[in-house]
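# Descriptive structure summary
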Amino acid sequence: AYGAPIAVEGNTLKTKARNALAQVLAPFNLNKKQLKLTNTRQGPNFQYVTYQQEYQGKPVFTSGVNLRFTPDGELTQFSLDYYPAISAVPAEKLSDKAAVQAATADLKADVSTTAVTDLEKVVPTNGDFRLAKEVVVKGNSTETGLPFHFQTLVDATTGEVLYRQNRIHRVDFEETPVEGTVVDQYPDKGDT
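This text gives an overview of the structure that appears in the document. (Residues numbered from 1 in each chain as written. Predicted model: local features only at pLDDT ≥ 70, side-chain atom pairs only at ≥ 80, totals over all residues. Heavy atoms only, no water.)

## Structural notes on the pairing of strand S10 (residues 161-166)
Taken residue by residue, a regular strand's side chains alternate between the two faces of the sheet. Pairing of strand S9 (residues 147-155) with S10, which is carried by 5 bridges, proceeds in the antiparallel orientation. When the sheet's bridge partners are listed, threonine 152 is paired in S10 with arginine 164. Count of turn residues in the S9/S10 antiparallel hairpin: 5 residues, of which glycine 159 carries a positive phi of about 85°. (Pairing = 2+ DSSP bridges. Helix = DSSP H or I, 4+ residues; strand = E, 2+ residues; numbered from the N terminus.)

## A look at the packing of aromatic side chains
Applying the stated rule across the entire model yields 4 aromatic pairs. For the pair phenylalanine 28 and phenylalanine 78, a centre-to-centre distance of 5.7 Å together with 65° between the ring planes defines the contact as edge-to-face. Of this pair, phenylalanine 28 sits in the loop between helix H1 (13-24) and strand S2 (35-42) while phenylalanine 78 sits in strand S6 (residues 75-81), and the two are 50 residues apart along the sequence. Among the residues examined, phenylalanine 28 registers a relative accessible area of 41% and is labelled partly exposed. Each ring, one from phenylalanine 148 and one from phenylalanine 150, has its centre 4.6 Å from the other, and the planes form 25°; the classification is stacked. For phenylalanine 148, a relative accessible area of 5% corresponds to the buried category. By relative accessible area, phenylalanine 150 is classed as buried at 15%. Over the face of the ring belonging to phenylalanine 46 we find arginine 68, whose NZ or CZ atom lies 3.9 Å from the ring centre. The residue whose ring lies beneath arginine 164 is phenylalanine 150, and the NZ or CZ to ring-centre distance is 5.6 Å. (Phe/Tyr/Trp six-rings, centres within 6.5 Å; stacked < 30°, edge-to-face > 60°. Buried < 20%, exposed > 50% of the residue type's maximum accessible area, 1.4 Å probe, protein only. Lys NZ or Arg CZ within 6 Å of the ring centre and 35° of its normal.)

## Re H1
Of all the positions in H1, only Leu13, Lys16, Ala17, Ala20 and Leu21 are classed as buried. Here the buried residues of H1 occupy an arc of 140° about the axis, which is enough to place them on one side. (Arc of directions from axis to C-beta.)

## Re the pattern of salt bridges
Throughout the structure, instances matching the rule amount to 7 salt bridges. Between lysine 133 and aspartate 96 there is a salt bridge whose closest N-O contact spans 2.6 Å. Of this pair, lysine 133 sits in strand S8 (residues 128-141) while aspartate 96 sits in helix H2 (residues 96-104), and the two are 37 residues apart along the sequence. For lysine 133, a relative accessible area of 4% translates into the label buried. Among the ionic pairs, arginine 130 bridges to aspartate 155, the shortest N-O distance being 2.7 Å. One end of the pair, arginine 130, is in strand S8; the other, aspartate 155, is in strand S9, and 25 residues separate them in sequence. In this structure, arginine 130 and aspartate 155 share a single accessibility class: buried. Shared partners join several salt bridges into a network, and the residues in it are Asp128, Arg130 and Asp155. (Salt bridge = Lys/Arg side-chain N within 4 Å of Asp/Glu carboxyl O.)

Spelled out as structure tokens, the structure:
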């Protein structure tokens, strides 16, 4: 949502963000105990504050509460990817070895490395919430020969792959030379 700037009390950006959550966003019933501050930054025209939702100390995948303030600290925009009714998340049962097997079972690839990170996540799936282990899988596709670096979320109870994304992105340009600067926009999201 965005609109005319709203004055928010506070002397610092963090204080203004906390007050915006408590006052302006009060109708959304956000549980402030579940919100972890992940980033504050100053852009050329606005200031930004980002929170991630946590449930029982674990990050909720795809969640985020984003606030945008004018240079003088007025709230001008917010977005909410927040799950107000997270139910009980099943306890972990799957071993790390089983999680790696699940993450690699359907790949047509030469896998070079795998690692289960220390970061378990709560993953929303069809109105349900699942505890997932994060498995990083690196290698090369046997079909295309191209490298991959998959971030894979494996259901910690059933072994079902809930999410997989290749962190290596590829673009083909035909007959058009392209020059530019590559900027790591999200340096806290892991290696690229």
